[in-house]
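# Working through the structure, step by step
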Amino acid sequence: MTESQIWKYRAEWSKAWKKLRESGALAKDKEVTRKRWHLLIGAVYLRGPKTGQPKSSTVLTNGEFDRFLRRCAATHTPAGLKEQLDLDEQPLLRLLYATNPLLDLLKMEMDKREAYLGGIYHNVQRARPAKGERVFEIHEMPDADLQLVIIALTHTVEHKLGAYHKHRPVASQSQPVANHPAPASVPVRVEADFDPANPFG
């Protein structure tokens, strides 16, 4: 982002946080809330060790910056703030809002997104039954699981677009296991079909 955009970001966030404080937000939650907003606008790292985590405010794209400003602007009126907070409390709408920028990269049709995300969320929870933990449906997903889904989706987007990230590939008998480096430029390759039952495919 440019220096003027960074100043604009800080000014708008300051005004938005003031409104949130007036509505009952706790001072200790300021940074957590700001980072959560980055998740909710889909502003996450697409590769590297921070894949799926909220971006720094200094590296937002123009689109992410605009979405953040719109979210800040929504807090400036009582009606806008109430609508925003109500939407954030609805798990499926919150998830779709946060993941739409990533799914847009895949050019996925809107009517396929809920099922696709449901498949990812199912896979994220695979280990829970063995631990005696509850398995949630997508429409009841707790807020704590949002970043788990975004991280998993980000890895999926990387692979479907032909991007590389570090993991352990299957080694042949003649080749040792090694991390593959991220190239400086990666050609975009969009999959034509999506299988909701196999979101990690």
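Please read all numbers here as calculations on a predicted model, not as lab measurements. (Residues numbered from 1 in each chain as written. Predicted model: local features only at pLDDT ≥ 70, side-chain atom pairs only at ≥ 80, totals over all residues. Heavy atoms only, no water.)

## Brief notes about the environment of Ser23
Along the polypeptide, Ser23 turns up in the loop between α1 (3-22) and α2 (30-40). Considering only alpha carbons, one finds Ser23 and Pro78, 55 residues apart in sequence, at a separation of 9.3 Å. (Helix = DSSP H or I, 4+ residues; strand = E, 2+ residues; numbered from the N terminus.)

## Things to note about helix α4 (residues 78-88)
Every buried residue belonging to α4 is among Gly80, Leu81, Gln84 and Asp88, and all of these are buried. Projected down its long axis, α4 shows its buried positions confined to an angular sector of 100°, all on one face. Among the exposed residues of α4, those oriented more than 90 degrees off its buried face are Pro78, Ala79, Lys82 and Glu83. Residues of α4 that are buried sit in contact with α1, α2, α3 (62-74) and α5 (91-105). (Buried < 20%, exposed > 50% of the residue type's maximum accessible area, 1.4 Å probe, protein only. Arc of directions from axis to C-beta. Contact = heavy atoms within 4.5 Å.)

## A word on the packing of aromatic side chains
Taken as a whole and judged by the stated rule, the model has 5 aromatic pairs. Between the aromatic rings of Trp13 and Trp37, the centroid separation amounts to 5.2 Å while the plane-to-plane angle is 75°, which identifies the pairing as edge-to-face. Placement of the pair is Trp13 in helix α1 and Trp37 in helix α2, with a sequence separation of 24 residues. The exposure class assigned to Trp37 is buried, which follows from its relative accessible area of 3%. Ring centres 6.3 Å apart and planes at 50° place the aromatic pair Trp13 and Phe68 in the tilted group. Separated by 55 residues along the polypeptide, Trp13 in helix α1 and Phe68 in helix α3 bring together distant segments of the chain. Classification of Trp13 as buried rests on a relative accessible area of 6%. What links up through ring pairs into an aromatic cluster is the set Tyr9, Trp13, Trp17, Trp37 and Phe68. The ring of Trp7 has Arg10 lying over it, and the distance from NZ or CZ to the ring centre is 5.7 Å. Here Arg71 stacks its cationic end above the ring of Trp37, 4.9 Å away from the centre of that ring. (Phe/Tyr/Trp six-rings, centres within 6.5 Å; stacked < 30°, edge-to-face > 60°. Lys NZ or Arg CZ within 6 Å of the ring centre and 35° of its normal.)

Any functional reading would require information beyond the geometric quantities listed.
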